[in-house]
Each structure stands twice: as structure tokens, then as C-alpha cells.
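Here's the letter readout for the chains.
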Amino acid sequence: MSKAEISYQQARKGRHIKQLFTARHSSTGLRLVGLLLLSVLLMVADHRQEYIQPVRNALAWVIWPIQYVVDKPFQLTLDAIDRLRSRQNILRENEQFRAKQSILEFQLQRLAALESENLRLRTLLGSAPETGDEAKVAEIIHVHTRPFSQEVILNKGSNAGVYDGQPVVDANGIIGQVVEVTPNTSVVLLISDITHALPVQNNRDNTRAIAVGTGSAHELELNYVPNSANFAVGDLLVTSGLGDRFPSGYPVGVITEIDTNPGAAFMRIKVKPSAQLDKVREVLLISPKETQPELELELELESEME
């Protein structure tokens, strides 16, 4: 094939390609114009509701399942967030209510002792006594598991005002006392520990005794109680206030068993603690109100002498 023929075929092929692209461009332009005209027609038809409404309703029925599937995860996420926020609010309110309930129960637990002493105190002082003890709520975060060791660790320490020897109670009675303090935690020795001794008195007639731990959270004992002492099953024991460690009038336990041996000098008395030593989760750290009865008595005597 000669060069002239090759050049002719290439030129002809180029014209065909150019015509192809020109045709395509023309087709695209026509389509664009057609779409624009269709859009204008749809806009005009949409302006007249009676024409486009059936089409719109049909499209809505077709699109609704797709829209439901697309929107459902988002709606479920919003519902989950709302439920989580509601649950957090409920938990926060429950925590506040539990703390308030513990405070109220703490303020009421001394009524049994105060009721029996009410008449005598009115006679001596002319009015009923005011307790005035302050309380902080703390939570038990750890329990020692050593045999016969009855200790727990609280989530409050010296930074919260906790001090060594501070009495600890729950909603029902005496728990124990603080024996070790760190800035953020404190160790409480429970009244059921075998090394713990607590001065108590019978709420019925004020007979005094010493309650000691047995290593069990469900039982205390009264030591060195004479056979002639006036104790009976069902008597409520409360703190006597002796020893300057526990304020008086807080429930300690109820006598469950008395073993009297005629040949022994002392009887054996078993006591069930009022506090739930092995179940309690939240406790109260109490700060007894300081009183100065001796100073008031001295002032009265000086005023009388003058």
C-alpha cells in the first residue's frame, strides 16, 4: 500500500472519530435539554396538586420502607442514649435517697434509749437531751478475710475529716471504730472482732457490762456478768458512754441466750448484734457532740456562791 493510500485512510478514520464524538456531544445536549423541559413540566404539575399528588403518594409508599430502614439505626441510637441518661439519673437519685435514708435512720436509732431515759432526764435537766451528733456517709470498699479478723476498709480518710477512734454505725446500730487512717481510706475494727471490747448497758434498767467479739459477725458475748445481774433474753443493750470512745444510747445488740451455771461465779450471755456486720455496704462515721457538763456545773456553783 502506498503512502498516499495510508494517509487517506488515516484522514478518513479521523473524520469518523470526530463525527462519533460530535454525535455523542449532540446526544448529551439533547438529553440535557430534555431533562430541563421535564423538570419544568414537573414543577408546573407540582404547582397543580391534583395532577402530581397521586404520583407523590405512590412514590411515598415505595420509598417508605427504604426510609424506615435507613432511619431505624439512628432512632435506636437516640433511644439508647435517652435510656442510658434516664438510668444514670435514676441511679444518681437512688444514691442520694439512700444517703438521706441512712442519715434519717441514724437520727432515729437512739430513740429506744432516749425514750427509757426521758423521764429521768427531764427531772434532772428540765428538758429532753439533745443528741446533736454529726454523721458522714462512707462506703465499705474492702473486707479483710483473715480468720477471726473482723475489719473493713472505708472509702473516706483524713481528707474527709475521719480520725482515729471515730465511732462507726449503720442504720441499726454500732458497727465498730476507726483504728487506722490514711488520707483517702480508713480501717474499721468491727465490734465482732475478738480483740474488741465495748462498754454497754441494759436499756431496761441500765445494768452495765462489757460486750466482746467472738470472731463471728452474728454473735457477741458479755463477760464477767455476775449470776445475780438482772439480764433477760430479749433485752436491748446500748452503748453506756463509758470509756470516752462511743457516745451513749446507740444500739449494740439483743440478748439471745443466757447460760447460768450455779457452780460458776459468772453467767454466759450471748448477744445478737443490732447492726448487719456482714451485709452492710454503707456506714455512718459519727462525730459526737462535745459537751462540758463539769464546766457548766462549776459555773452554776460559782453563781450560787456569789
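Residues numbered from 1 in each chain as written. Predicted model: local features only at pLDDT ≥ 70, side-chain atom pairs only at ≥ 80, totals over all residues. Heavy atoms only, no water.

Q: Give a description of the pairing of strand β12 (residues 282-287) that names residues and reports values.
A: Along β12, six of the six residues are buried, which leaves the element largely enclosed by surrounding structure. Every second residue of β12 is oriented toward a common face, with Glu282, Leu284 and Ile286 on one face and Val283, Leu285 and Ser287 on the other, all of them buried. Here strand β3 (residues 167-169) runs beside β12; their pairing, made up of two bridges, is antiparallel. Paired with Val169 across the two strands is Leu284, which belongs to β12. (Buried < 20%, exposed > 50% of the residue type's maximum accessible area, 1.4 Å probe, protein only. Helix = DSSP H or I, 4+ residues; strand = E, 2+ residues; numbered from the N terminus. Pairing = 2+ DSSP bridges.)

Q: So what about the nonpolar core? Which residues, and what values?
A: The biggest cluster of nonpolar side chains holds 39 residues, and the ones touching the most others in it are Ile175, Leu222 and Phe231. Counting residues per element, this core draws most heavily on β12, at four residues. Leaving out residues up to four positions away in the same chain, Ile175 has contacts with Val168, Val169, Asp170, Val188, Leu189, Leu190, Ile191, Ala275, Leu277, Val280 and Val283. (Core = buried A, V, L, I, M, F, W, Y, C linked by side-chain atoms within 4.5 Å. Contact = heavy atoms within 4.5 Å.)

Q: Could you give me a rundown of the sheet that holds strand β8 (residues 220-226), with the residues and numbers involved?
A: Strand pairs in the sheet, formed through backbone hydrogen bonds, run parallel or antiparallel to each other. A barrel is described by the order of its strands in space; here six strands give the closed sequence β6-β7-β8-β11-β10-β9, paired in antiparallel fashion. Going from strand to strand, the sheet's axes swing by 40° on average, the running direction of each strand aside. (Axes fitted to C-alpha atoms, helices over the stretch in contact; angles between N-to-C directions.)

Q: Could you give an account of the pairing of strand β11 (residues 266-273), with specific residues and numbers?
A: In terms of strand pairing, β8 meets β11 through five bridges, oriented antiparallel. Paired with Leu220 across the two strands is Val271, which belongs to β11. Both strand β10 (residues 251-259) and β11 contribute to a ladder of six bridges, which runs antiparallel. Its bridge partner lying in β11, Val254 is registered against Lys272. Taking the residues between adjacent antiparallel strands as the criterion, β10 and β11 are bridged by six residues.

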